[in-house]
Amino acid sequence: MKESDLINTTCPTIEEARKEMANLLEGREPNYSLPQSLYNDPHMFRVDMEEIFQKEWLFVGMTSEIPSKGDYFTVEIGQNPVLVVRDDEGNVQAFHNTCRHRGSKVCLEHRGKVANLICPYHKWAYDLKGNLLFAGTEMGDAFDMKKHGLKKAHTKVGGGFIFICLAKEAPQGDDFDEYLKTMDEYMEPYDVENTKLAVESNMYEKANWKLVIENNRECYHCHGGNHPELLNTLLEWDDTNDPRAPQEFLDQYARQSAEWEAEGIPHERRDFGHHRNRIVRMPLQEGKKVMTLDGEAGCKKMLGRIKNPHLGSMRILHLPNSWNHMQSDHFIVFRVLPISAQESIVTTKWFVHKDAVEGVDYDVERLRLVWDATNDQDRVLGEDNQSGINSLAYEPGPYSETFEFGVINFLDWYSTTVQENLKKK
């Protein structure tokens with residue numbers, strides 16, 4: 001069945017869609033899942049793209065993916081191709097990946113290295129700051145090169161994480177800069193610039209992007225055989241304030257956090273922007289070092305200045321599209337991007353010390369086994385969730401405030417952000 005068969009085929013104007021979105025969010029019942037159309041309607045999806053993914057800060061990748069001048073990678077934000085490149089001065093730049101001549105993509109590969117950015121269609125050339133260098137004599141003497149540079153996306157970096165914003169004016173006053181400063185502090189021990197991408201996966205999921213995030217924000221579903229590989233090492237507690245956390249865990253946290261403090265490793269929970277951004281270091285199961293199947297090291301070389309292999313996992317959340325796990329010998333970053341109302345792409349990247357040698361210091365298959373399995377298990381859960389939501393019988397259901405508070409926080413942030421952005425029209 002096609003997605004278009006599941007919804008009213010009447011095509012509203014974008015203004016009508018915005019009004020419908022505002023009404024649905026204003027009338028939603030707190031601590032319940034969203035109305036059906038917010039999970040499966042293309043018109044509501046368009047509003048999501050305009051009010052969230054074209055206006056908010058999005059995680060796209062790590063600075064160590066582009067270590068040298070001219071290194072770049074590309075990413076698709078809906079129908080907006082973007083390229084991220086390291087310029088001549090070592091700064092990270094992001095541009096709309098569309099030529100100022102007739103709109104062709106400039107960089108066609110997912111990754112690469114260039115001296116200049118050259119459009120393959122008519123060979124217009126741009127420098128690494130987006131300035132137009134060459135357009136040929138065909139444009140005539142009156143053509144102004146300075147007015148036809150690549151269009152920039154806003155770019156910010158914190159702790160080696162690259163964020164972009166496609167809006168004309170980036171969001172202000174949401175303590176995002178404070179979050180970035182904290183990222184610098186908490187990621188300092190890892191020395192991200194001296195890491196490298198070991199492997200990357202891109203998983204297509206037939207589910208709305210919000211369902212992907214909702215699934216990530218709770219571990220209510222983790223037991224019952226859903227995630228056997230992950231539960232070999234993961235402790236499901238959110239932090240020391242989690243009401244479900246037993247005394248045994250609190251004692252373990254107190255013991256390990258004292259070790260972290262002795263090594264100067266940050267660990268205390270920090271929250272920013274109404275549950276939008278969060279950092280906290282959490283122990284893994286007793287005796288486990290990292291998130292491999294047996295809990296033993298995934299790479300022989302530890303990261304940065306780290307000496308203690310029992311750093312647990314520093315969990316970093318960034319809404320709307322990323323969660324991450326920082327460990328002693330490797331770290332894993334996750335990025336979610338929407339494709340359509342009922343399709344998403346989940347990208348997972350594993351990073352190791354830049355001097356680590358594949359096949360000697362780490363084995364790629366072993367490194368990725370746990371999260372490959374977990375991602376695929378979550379994909380099935382998300383797609384089944386989407387199929388059920390598409391039913392005529394679906395109506396919003398209640399969340400457990402004890403087990404699904406992370407989902408509640410996410411939807412509260414989503415609802416507030418969309419409503420506030422809609423009012424700015």
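The sections below set out a description of the structure shown in this document. Predicted, not measured: the structure shown is a model, and the values here were computed from it.

## A closer look at empty space enclosed by the protein
Next up, step 1: Applying the stated criterion across every chain yields a total of two cavities of 30 Å³ or more.
Next up, step 2: Empty space within the largest cavity amounts to approximately 440 Å³.
Next up, step 3: When its residues are assigned to classes, the lining of the largest cavity shows 11 nonpolar, eight polar and nine charged.
Next up, step 4: Looking at the second largest cavity, its volume works out to about 90 Å³.

## Thoughts on the pairing of strand S14 (residues 313–318)
Next up, step 1: Most of S14 sits out of view: six of its six residues are buried.
Next up, step 2: The sheet contact formed by strand S13 (residues 277–282) and S14 spans six bridges and is antiparallel. Residue pairing across strands places asparagine 277 opposite histidine 318, the latter belonging to S14.
Next up, step 3: Hairpin connection between S14 and strand S15 (residues 322–326): a loop of three residues separates the two successive antiparallel strands.

## Description of the sheet that holds S15
Next up, step 1: As summarised here, the arrangement of the seven strands in space is S11-S17-S16-S15-S14-S13-S12, forming an open sheet in which the pairing is antiparallel. Strands at the two margins of the open sheet, each flanked by one partner only, are strand S11 (195–205) and strand S12 (270–272). The sheet shows a mean angle of 15° between the axes of neighbouring strands, taken without regard to direction.
Next up, step 2: Along the sheet, helix H7 (residues 364–389) makes contact with S11, S15, strand S16 (331–340) and strand S17 (343–353), crossing S11 at roughly 25°.

## Quick word on unusual backbone geometry
Next up, step 1: Residues leucine 319 and proline 320 are joined by a peptide bond in cis, for which omega reads 20°.
Next up, step 2: Of note in the backbone geometry, asparagine 31 takes a positive phi value of approximately 65° without being a glycine.
Next up, step 3: Among the secondary structure elements, asparagine 31 is positioned in the loop between helix H1 (14–27) and helix H2 (37–40).
Next up, step 4: According to the relative accessible area criterion, asparagine 31 is partly exposed, its value standing at 24%.
Next up, step 5: Positive phi, close to 70°, is recorded for lysine 123, a residue that is not glycine.
Next up, step 6: Its place among the elements puts lysine 123 in the loop between strand S6 (117–118) and strand S7 (125–126).
Next up, step 7: On the accessibility criterion, lysine 123 (49% relative accessible area) is partly exposed.

## Regarding the nonpolar core
Next up, step 1: Counting 71 residues, the largest nonpolar core has Met21, Ile77, Val84 and Tyr414 as its most contacted members.
Next up, step 2: If one sorts the elements of this core by residue count, helix H8 (residues 405–423) sits on top with eight residues.
Next up, step 3: Contacts of isoleucine 77, omitting those with residues within four sequence positions, involve Met49, Phe53, Leu58, Val82, Ile164, Leu166 and Leu337.

## Description of the pairing of S15
Next up, step 1: When you tally the buried positions in S15, you get five out of five residues, the bulk of the element.
Next up, step 2: A two-sided burial pattern is seen for S15, the buried positions comprising Ser322, Asn324 and Met326 on one face and Trp323 and His325 on the other.
Next up, step 3: With five bridges joining them, S14 and S15 adopt antiparallel strand pairing. Its bridge partner being in S15, methionine 314 is matched across the sheet by methionine 326.
Next up, step 4: Of the strand pairs in this sheet, S15 and S16 are connected by five bridges, and their pairing is antiparallel. Following the sheet pairing, asparagine 324 is matched in S16 by valine 333.
Next up, step 5: Hairpin connection of S15 to S16: four residues between the antiparallel strands.

## Regarding the packing of aromatic side chains
Next up, step 1: Applying the stated criterion to the full structure yields 20 aromatic pairs.
Next up, step 2: Taking 4.8 Å as the distance between ring centres and 65° as the angle between the ring planes, the aromatic pair formed by phenylalanine 334 and tryptophan 371 counts as edge-to-face. With a gap of 37 residues between them, phenylalanine 334 in strand S16 and tryptophan 371 in helix H7 connect regions that are remote in the sequence. Each of the two residues, phenylalanine 334 as well as tryptophan 371, counts as buried.
Next up, step 3: An aromatic cluster is present here, built from Trp57, Phe59, Phe161, Phe163, Phe176, Tyr179 and Phe272 joined pairwise through their rings.
Next up, step 4: The residue whose ring lies beneath arginine 281 is tryptophan 260, and the NZ or CZ to ring-centre distance is 5.8 Å.

Parameters and conventions
Residue positions are given per chain, counting from 1 as you read along its sequence in written order. Only residues with pLDDT of at least 70 are given local features in this predicted model, and only at 80 or more are side-chain atom pairs given and counted; all residues enter the totals for whole chains, interfaces and linings. Neither water nor hydrogens contribute to the side-chain values; these are computed over all heavy atoms in the structure. Throughout, the protein atoms alone are placed on a 1 Å grid, and a set of points is a cavity if a 1.4 Å probe fits but cannot get out or a pocket if it is open with protein on both sides within 12 Å along at least five of seven lines; lining residues have an atom within 4 Å of a point. Grid points are joined across faces, edges and corners, and a volume is the space filled by probe spheres set on the points. Polar here means any residue other than Ala, Val, Leu, Ile, Met, Phe, Trp, Tyr, Cys and Pro, which are nonpolar, and Asp, Glu, Lys and Arg, which are charged; Gly is therefore polar. Burial classification: accessible surface area is computed with a 1.4 Å probe over protein chains only, and a residue below 20% of its type maximum counts as buried, one above 50% as exposed, and the rest as partly exposed. Strands here mean DSSP runs of E at least two residues long; helices mean DSSP runs of H or I at least four residues long; both are numbered from the N terminus. Two strands qualify as a pair provided DSSP detects at least 2 bridges between them. Orientation is described by axes fitted as lines to C-alpha atoms, over the contacting stretch for helices, and by angles from 0 to 180 degrees between their N-to-C directions. We call two residues contacting when some pair of their heavy atoms lies within 4.5 Å. We define the nonpolar core as a collection of buried residues of types Ala, Val, Leu, Ile, Met, Phe, Trp, Tyr and Cys that are connected through side-chain atoms lying within 4.5 Å of one another. Any two of the Phe, Tyr and Trp rings considered here, Trp counted by its six-membered ring, make a pair once their centres fall within 6.5 Å; the pair's planes then place it as stacked at under 30 degrees, edge-to-face at over 60, or tilted in between. The rule for a charge over a ring is simple: NZ of Lys or CZ of Arg within 6 Å of the ring centre, and within 35 degrees of the ring normal.

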